[in-house]
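Coordinate analysis (summary)
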Amino acid sequence: MIKIICMSLTLLVVLLTVVAGATDLNGSCQIRFRGDSTLHGFSGVASCEPFTFQELDGQGTELMFQDGSVRVAVKRMDTDNDSRDASMFKMFDADHFPFIIGHFPQFNPQHLMARIQSEKRLPFDLTIRDVTNNVNATLKNINLAGKQLSFTAEFPVSLASFNLEPPGVLGIIRVADEVQVSVEVTIESAALAAP
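Because the structure is a prediction, the values reported are computed rather than measured.

Moving on, we get to the nonpolar core. Counting 48 residues, the largest nonpolar core has Met77, Phe92, Leu126 and Phe155 as the members making the most contacts within it. Excluding residues within four positions of it along the chain, Phe155 makes contact with Phe124, Leu126, Val135, Ala137, Val179, Gln180, Val181 and Val183.

This part is about the state of the cysteines. If you walk through the whole model with that rule in mind, you get one disulfide. Note that Cys29 is cross-linked by a disulfide to Cys48, the S-S spacing being 2.2 Å. Within this pair, whereas Cys29 is found in strand S1 (residues 25–35), its partner Cys48 is found in the loop between strand S2 (42–47) and strand S3 (51–53), the two being separated by 19 residues in sequence. Judged by its relative accessible area of 5%, Cys29 is buried.

Before going further, it helps to spend a moment on unusual backbone geometry. Positive phi outside glycine occurs at Asp80, with the angle close to 65 degrees. Within the secondary structure, Asp80 sits in the loop between strand S4 (68–73) and helix H2 (82–92). Despite not being glycine, Asp93 has its phi angle at roughly 50 degrees, a positive value.

All told, the structure shown has five salt bridges when counted by the stated rule. Across the pair Lys75 and Asp95 runs a salt bridge, and its minimum N-O distance is 2.7 Å. With Lys75 in the loop between S4 and H2 and Asp95 in the loop between H2 and strand S5 (99–104), this pair connects stretches of sequence that are 20 residues apart. On the basis of relative accessibility, which here comes to 63%, the residue Asp95 falls in the exposed class. Between Lys140 and Glu154 there is a salt bridge, with the nearest N and O atoms lying 3.0 Å from each other. Taken together, the positions of Lys140 in strand S7 (residues 131–145) and Glu154 in strand S8 (residues 148–158) put the pair 14 residues apart, joining distant regions of the chain.

What counts and how
Counting restarts for each chain: residues are numbered from 1 in the order of the written sequence. Confidence filtering applies because this is a predicted model: local features only for residues at pLDDT of at least 70, side-chain atom pairs given and counted only at 80 or more, and all residues used for totals across whole chains, interfaces and linings. Values reported for side chains reflect all heavy atoms of the structure, with hydrogen atoms and water molecules removed beforehand. Only buried residues count toward a nonpolar core, which is a set of Ala, Val, Leu, Ile, Met, Phe, Trp, Tyr and Cys residues joined through side-chain atoms within 4.5 Å. The buried label applies to any residue whose accessible area, calculated with a 1.4 Å probe on protein chains only, is under 20% of its type's maximum; exposed applies above 50%, and partly exposed to all values in between. Residue contacts are counted whenever heavy atoms from the two residues lie within 4.5 Å of one another. Criterion for a disulfide: a pair of cysteine sulfur atoms at a distance within 2.5 Å. Numbered from the N terminus, helices here are DSSP runs of H or I no shorter than four residues, and strands are runs of E no shorter than two. Each reported salt bridge corresponds to a side-chain nitrogen of Lys or Arg within 4 Å of a carboxyl oxygen of Asp or Glu.

The following block contains the structure:
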């Protein structure tokens, strides 16, 4: 009997956890970046850490998600060239600032969906090292299927605007100031489905 009660309580806790987290917004992203230098262009890849935005309590009848961040580990960025990667990590001061962070203010998912589909833009704050700038990403390939949203966010990053010294070799080869970033985003949440 005690065993049945314990199993029932465990099942109840699991069910409550699932119900409580049912409207959480979970996501992942894959990043590609490319830039130029005085010698040739380069490209690289990275991934953001899986992220979760949770529903805010006490917001009346309107569903709202909390402020949230998406983090990219600097030392997991890869240009397929160890020497170039080492220069990139040094530029980002990865030992002191291990993450590049995108921050999103609290939002209503239905309002966000309407904005994404009409304006095809997504504003957010981007922090590199100790500098934060506002970014307005252009969205492409927007696809909402049931509870899953996917899109590509594209935006340029000026190294100078983040007080970054572009890497170089022997003072001759220099990386150009602007790097193009493309982020493939997948988000899943019951809150994204049409009401």
